[in-house]
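Report on the structure
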Amino acid sequence: MNLTPSIPRLGRRRGEEAAVDERLPMVNRTPVKSRAGAVRRERHQADYVILVVVVALTALGILMVYSSSALRGYLSQDADTFATVGPQIQWAILGFVAMAVMMRVDYRWLRLASLPFYVVAIGLLVLVFVPQFNIVVGGSARWLKLGELPAIHPAEIAKLAMVIYLAHWFARRGHRIRGFWAGTVPFLIIVAPIIALVFKEPDLGTTGVLTLTALTMFFVAGANLFHLATMVTGALMVMIVVGLRGYQLDRIRTWQNPWLDPLGEGFHTVQGLLALGVGGLFGTGLGASKVFVPNAFNDFIFAEVGQEFGLLGSVVVIGLFLILAYSGVRVALAAPDTFGALLAAGITAWLCLQAFLNIGVVVALLPITGITLPFISAGGSSLIISFAAVGILLSISRETVEKGTWNDDATADRGRRDGRTHLPGARRRTVASRPS
Amino acid sequence: MTTYLDDRPRSVRHLSRFVAFAVIMLLAVGGLTARLFYLQIVDGGRFASLSARNRTVLEAVPSPRGLIYDRAGRVLVTNVPTFAVKVRPADLPQSQRPQVVERLAALLDLDVAEVNATIDSNPGSNFDLVRIAGDVDERTALLISEAGFELPGVEIAVEARRQYTYGPLLSQILGYTGPVSAEQLPVLRPLGYLPDDLLGKTGIEAEYETGLRGTYGAESVERDATGRKTQVLQTIREASPGDSLNLTIDTKEQKYAEKALKWATNEVGLKRGVVIVMNPQTGEVLALVSLPTYDNNLFARGISNTDYQALVEDPDKPLLNHAIQAHYPPGSTYKLVAATGGLADRKISAGTELATKSYLTLGDTKFYDWNRRGFGACNIYCGFGHSSDTFFFQVAGMLGIDRLGYWGKQYGFGSPTGIDLPGEVSGIVPTNQWKQDTLGAPIYPGETYQAGIGQGYDVVTPLQLINAYAAMANGGTLYQPQVVHDIVGPDGQVVRPFEPRVLHEMDVPASVLRTMRNAARSVVEFRHTYNLVELPIKVAGKSGTAEFGTRDKEGRLPFHSWFVGFVPKDPENGSFDKADSELVVLAFAYDSRTKGNVATEIVKYYLQQHYGIEKDYRLPNLLERGNFYQSN
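Okay, so let's go over this structure. Chains are numbered independently. Their residues run from 1 in the order of the written sequence. Each chain gets a letter, beginning with A, and each ligand a number, beginning with 1, in the order they are written. For a predicted model such as this one, the threshold for reporting local features is a pLDDT of at least 70, and the threshold for listing and counting side-chain atom pairs is 80 or more; totals across whole chains, interfaces and linings nevertheless cover every residue. Excluded from the side-chain calculations are hydrogens and water; all other atoms, namely the structure's heavy atoms, are used.

1. Some remarks on the packing of helix H5 (residues 154–173) of chain A against helix H13 (residues 380–397) of chain A
Residues and elements named next belong to chain A.
- Axis definition: a line fit to C-alpha positions, over the contact stretch in the case of helices; interaxial angles, taken between N-to-C directions, run 0 to 180 degrees. In DSSP terms, a helix is any run of H or I states spanning at least four residues, a strand is any run of E spanning at least two, and both are numbered starting from the N terminus. It is the contact of H5 with H13, at a shortest axis distance of 8 Å, that shows an interaxial angle of 20°. Here H5 lies roughly parallel to H13, going by the angle between them. As H5 runs across H13, the sense of the crossing is right-handed. Counted together, Glu156, Ile157, Leu160 and Ile164 of H5 and Ser381, Ser382, Ile385, Ala388, Ala389 and Ile392 of H13 form the full contact between these two elements.
- Residues are grouped as follows: nonpolar covers Ala, Val, Leu, Ile, Met, Phe, Trp, Tyr, Cys and Pro; charged covers Asp, Glu, Lys and Arg; every other residue, Gly included, is treated as polar. Taken together, the residues of the contact of H5 with H13 sort by class into 7 nonpolar, 2 polar and 1 charged. Angles are sorted into four bins: roughly parallel if under 35 degrees, roughly antiparallel if over 145, roughly perpendicular if 65 to 115, and oblique for all others. Put simply, a crossing is left-handed when the front helix is turned counterclockwise from the back one by less than a right angle, and right-handed when it is turned clockwise. When checking whether two residues touch, look at their non-hydrogen atoms; a contact exists if any pair is within 4.5 Å.

Below you can see the structure in the form of structure tokens.
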């Protein structure tokens, strides 16, 4: 507990900010409103709220992974309680380094890397289907093992690659995104390979996260709402058709009523619900769980949080993700260019959607899909990539334009003609810009 | 709002859409929070009480294994509750394991290494129970369950053990149950077997495993932190008891048969022998004794390694059912095949007389009759009745090996009879094709002669032989022998009633088999079987002496003795013209080397008991060792 009194904000100057106060950067980041209409760009501290949220989630994750895997590790051959959490800590440290690096890199460089990165991600997803390289778990080939490297989860890399490339592409397209042939169709062609490959693994949960993230980005970038609505309807139809077949139908049925088969199909769901119920308001206490939760250090870690820390703990986790979403949207709105805004929105959408989908499964609002809770679930690929994504988000947050940002920019145009910013796309419009 | 933004063509970022996105996120969080509030607070109490301080596990509920009765309704096997000690490795902390295993071994009087090996060879997962010992006495069981905290991971389970009422008498038929082995588990696991489960290993227990086992139930069970069952939450599936079996075996007849066989084996000093009693009209097996035998209760209790090794290493193979799982040369009993074939193929007729000299010459080799004087001109009654070898050498020669083989197969030789017991072997009926396939050479004429008298390549199981005589006695229907009469479900309804199963109708005129039955009677009437004819009942049959192995220093071969006899429906006044016999008996004595035919004496003794004949017709002096080539 920090017993030292908080330092008055007034006395602080740049260079004295080594001790990070989470409130401080907020001050820095708030752009000074100016009615002059001139755009003032600022380079300043990153949005440390995001950093604090992510570190808090990761720390809680390590705690919960340890709590739920220690006994299992102890009972295994080498009686190692750190068998699962040890690597998780190492991954977290590596992830932190990745975040620190990405944070310092100007995110605009990512535009150069976006296409190659996207192609590499698709290549890795294809490699998953090569028997020499993949690791099949429970009938799904999701892991890639290349030589001596630790096994990686290409779908995680694909998420980041897709978000970066879509942001780049949307930003370049500008207004033409509203068109059917210029916007909607190319968008579908871009996302189709990644989504199809992940679906084929099969990894329904990640397919869902990718689809929702892409649609959200498309929406935010200014998609034609009619096209978007048609696509969403189409996607829902596909889901229904796919979902009404074979074992997926069983899953749906189990989801509808897990108590039908509480020790077979519905086992995960029921144990998750029991764990949450046992947790109550304050929880059983760390390490004192009473209900066995299968996959407790992975997909169902949220049930373990709810059990050991109660409603308070689970609401804190959800709240942290909400803060992440809020901060992410703020970063997007304040970003100096369209690419940054869309990238920030995409990363925020991805991490938060994945979190809410995961939690939705645990609370039995969604059928079991098997996705991780970002920063909390055990898993190296997920952790590193999520951290790198947050690093990018922080990098964007280091630059803001004053004045909201929704009528921005393309820096190259700034200062010409009426002193306003123009986009290449906008310039071709027949209607000249009106003063606002 | 969109329209507002659309009015501003330079805008690429749509504020409203970012806001909409944020609102959706907020709604999601709101929904999840509400749901969590419901689950953890509103409905939480119910869940909490369901699982407070307990854990729920799915447990299989073993179904009571089906019982087995004999044809008179005598209980042959019951289920007795016993205590078993089991270990759940996941609950046994590694650090404490040495002490726990040491204490456990001391309590159970086992070797520490043995207990460790059992735990380590656990075929299932760490959460599956490993059976350390079964049939533990009550005191030890109580002691172990009291010491729960000092023996973490050790559990006492009540399990039903099979108790075989008659033990060794029926071991060869009933078989026994035993633990699932590590090799079997992957196959059996999907069928609902547990790693510490028991299943039928041999005999009827194995053959009728599925029915006897029934269907295991499942229930969700609440266990407290120490693993004790506190309550059954929900029965997911009721255990359904196994089916009961009513055997065709009559324990009384089985006892007669065993008594007869044991008398002879003790008298002579034999080790191996078989007696089978069947009803030729239906294929029902009334008694089936194979010596030496073993006690299946030893296995049901969990046989010790030393006991098991002793049984496995015994040269007389007590674990083998010699009636079906081993084959032997049939000797003169096989002349039935040559005789039937000769008559049916019209090589000879009932009246055809063949010269029976002391030997037959084939090339440079002389084929001697067992009687060096021969029997002169002989028809089928004389040839079969005196068991003349030279008579059947000639008949076999006329038939040729392939026709002889055809008639052997007509009688069911060369393929398993299909009896409902596991491990039956098929025996060998030599033909040109068979020898070409297995030895790569055609049959030589001398081998045909040998095949005609049941020597050479001919080997049969005792069950095949009695089944062949049963077909002759019932007028030409080859039945599949059965030991299980009917199957009764747990509700008392007959699941499968008895019905005779016909393997095939023999391709032979009824007159031929009538001739053969009368020829078999002449075996008895010619006193080839000594005083069997004096019995107050009418018996027909055929004896056999089958040489095997290697000659001793006087050039003599050891031999087995066979006798198959049958009695007409009316045992005193019946006629062998009719095919109405309901009793056929076979005796087989391995490596008998007696003066007389010991098998005939065994059958005689059995028949005396079966028909309650007061006077004892047995001739113990025939059971002395020695005197080869006396009774063929």
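Anyway, onward from the coordinates.
2. Quick look at empty space enclosed by the protein
All names here are of chain B.
- Here the term cavity refers to a set of points on a 1 Å grid, laid over the protein atoms alone, in which a 1.4 Å probe fits but cannot get out; the term pocket refers to an open set having protein on both sides within 12 Å along at least five of seven lines, with lining residues being those that place an atom within 4 Å of a point. Grid points are joined across faces, edges and corners, and a volume is the space filled by probe spheres set on the points. Counting across every chain of the model gives 4 cavities of 30 Å³ or more.
- Here the largest cavity is characterised by a volume of approximately 70 Å³.
- Lining the largest cavity, in full, are Ser171, Gln172, Thr202, Gly203, Tyr294, Leu319, Asn321, Ile324, Gln325, Leu421 and Pro422.
- Taken together, the residues of the lining of the largest cavity sort by class into 5 nonpolar, 6 polar and no charged.

3. Things to note about the state of the cysteines
Residue and element names in this part refer to chain B.
- Disulfides are defined in this document as cysteine sulfur pairs within 2.5 Å. Evaluated as defined, the whole model comprises 1 disulfide over all chains.
- Linked covalently through their sulfurs, cysteine 378 and cysteine 382 form a disulfide whose S-S length is 1.5 Å. Taking the torsion about the sulfur-sulfur bond, which here is approximately -40°, the covalent link between cysteine 378 and cysteine 382 counts as left-handed.
- Each residue is assigned to one of three classes by its accessible area relative to the maximum for its type, calculated with a 1.4 Å probe on protein chains only: buried under 20%, partly exposed between the two thresholds, exposed over 50%. Judged by its relative accessible area of 0%, cysteine 378 falls in the buried class.

4. Some thoughts on helix H21 (residues 598–610) of chain B
Residues and elements named next belong to chain B.
- A helix is expected to span 1.5 Å for every residue after the first. Taking 1.5 Å per residue as the helical rise, H21 with its 13 residues ought to reach 18 Å, and the 18 Å between its terminal C-alpha atoms agrees with that figure.
- Of all 13 residues in H21, 12 are buried; the element is thus mostly enclosed.
- The term polar contact refers here to a pair of N or O atoms within 3.5 Å; inside protein, the definition further demands a hydrogen-donor-capable atom paired with an acceptor-capable atom, and it admits residues adjacent in sequence only when both atoms are side-chain atoms. For H21, the side-chain oxygen to backbone nitrogen distance between the N-cap and alanine 599 is 2.8 Å, and the N-cap itself is asparagine 597.
- Glycine 612 lies just past H21 and shows a positive phi near 60°.

5. Quick word on the pattern of salt bridges
- Definition used for salt bridges: Asp or Glu carboxyl oxygen within 4 Å of a side-chain nitrogen of Lys or Arg. In the structure shown here, the tally under the stated rule is 27 salt bridges over all chains.
- Where B:Asp197 meets B:Arg213, a salt bridge forms, and the shortest distance between an N and an O atom there is 3.1 Å. Here the residue B:Asp197 occupies a position in the loop between helix H8 (185–188) and strand S7 (198–202), and B:Arg213 occupies one in helix H10 (residues 209–213), the gap between them amounting to 16 residues. This pair shows no difference in class: B:Asp197 is buried, exactly as B:Arg213 is.
- Taking the shortest distance from any N to any O, the salt bridge between B:Glu258 and B:Lys262 comes out at 3.6 Å. Linking B:Glu258 with B:Lys262, this pair stays in helix H11 (residues 251–268), spanning 4 residues, or about one helical turn.
- Residue classification places B:Lys262 among the partly exposed positions, given a relative accessible area of 36%.
- Residues joined in a network through salt bridges with shared partners are A:Asp106, A:Arg108, A:Asp337 and A:Glu399.

6. What about the pairing of strand S3 (residues 75–87) of chain B?
Residues and elements named next belong to chain B.
- Bridge count for strand S2 (residues 68–69) against S3 is 2 bridges, and the pairing is antiparallel. By the bridge assignment, tyrosine 69 is partnered in S3 with valine 75.
- Strand pairing is assigned whenever DSSP identifies at least 2 bridges connecting the two strands. Counting the residues that bridge the hairpin from S2 to S3 gives 5 residues, and of these glycine 73 lies at a positive phi of roughly 85°.
- Judged from the 4 bridges that link them, S3 and strand S4 (residues 130–136) form a sheet pairing that is antiparallel. Looking at the pairing, lysine 86 lines up with arginine 131 of S4.

7. A closer look at unusual backbone geometry
Residues and elements named next belong to chain B.
- Going from leucine 291 to proline 292, the amide bond is cis rather than trans, its omega being -5°.
- The backbone of arginine 346 shows a phi angle near 60°, a positive value even though the residue is not glycine.
- Relative to the elements of secondary structure, arginine 346 occurs in the loop between helix H14 (335–344) and strand S13 (354–356).
- If you check the backbone angles, aspartate 591 has positive phi at about 55° while not being a glycine.
- Its place among the elements puts aspartate 591 in the loop between strand S23 (583–589) and H21.

8. Some remarks on the packing of aromatic side chains
- Any two of the Phe, Tyr and Trp rings considered here, Trp counted by its six-membered ring, make a pair once their centres fall within 6.5 Å; the pair's planes then place it as stacked at under 30 degrees, edge-to-face at over 60, or tilted in between. By the definition in use, this model includes 29 aromatic pairs over all chains.
- An angle of 55° between the planes, with centres 5.6 Å apart, marks the rings of A:Trp169 and A:Phe170 as tilted. The burial state of A:Trp169 is the same as that of A:Phe170; both residues are buried.
- Of the aromatic side chains, those joined through ring pairs into one cluster are B:Tyr328, B:Phe548, B:Trp562, B:Phe588 and B:Tyr590.
- Across the ring face of B:Tyr216, the terminal group of B:Arg213 is positioned such that the distance to the ring centre comes to 3.7 Å.
- Above the plane of the ring of B:Phe384 lies B:Lys542, whose end atom (NZ or CZ) is 5.6 Å from the centre. By definition, being over a ring means that NZ of Lys or CZ of Arg is both within 6 Å of the ring centre and within 35 degrees of the ring normal.

9. Brief notes about the environment of B:Leu108
Residues and elements named next belong to chain B.
- Inspection of the secondary structure puts leucine 108 in helix H4 (residues 97–108).
- Its relative accessible area of 14% is what places leucine 108 among the buried residues.
- For the pair leucine 108 and valine 85, spaced 23 residues apart in sequence, the C-alpha separation works out to 8.9 Å.
- Ignoring any residue separated from it by four or fewer positions in sequence, one finds leucine 108 in contact with Val85, Ile132, Ala133, Val136, Thr140 and Ile144.

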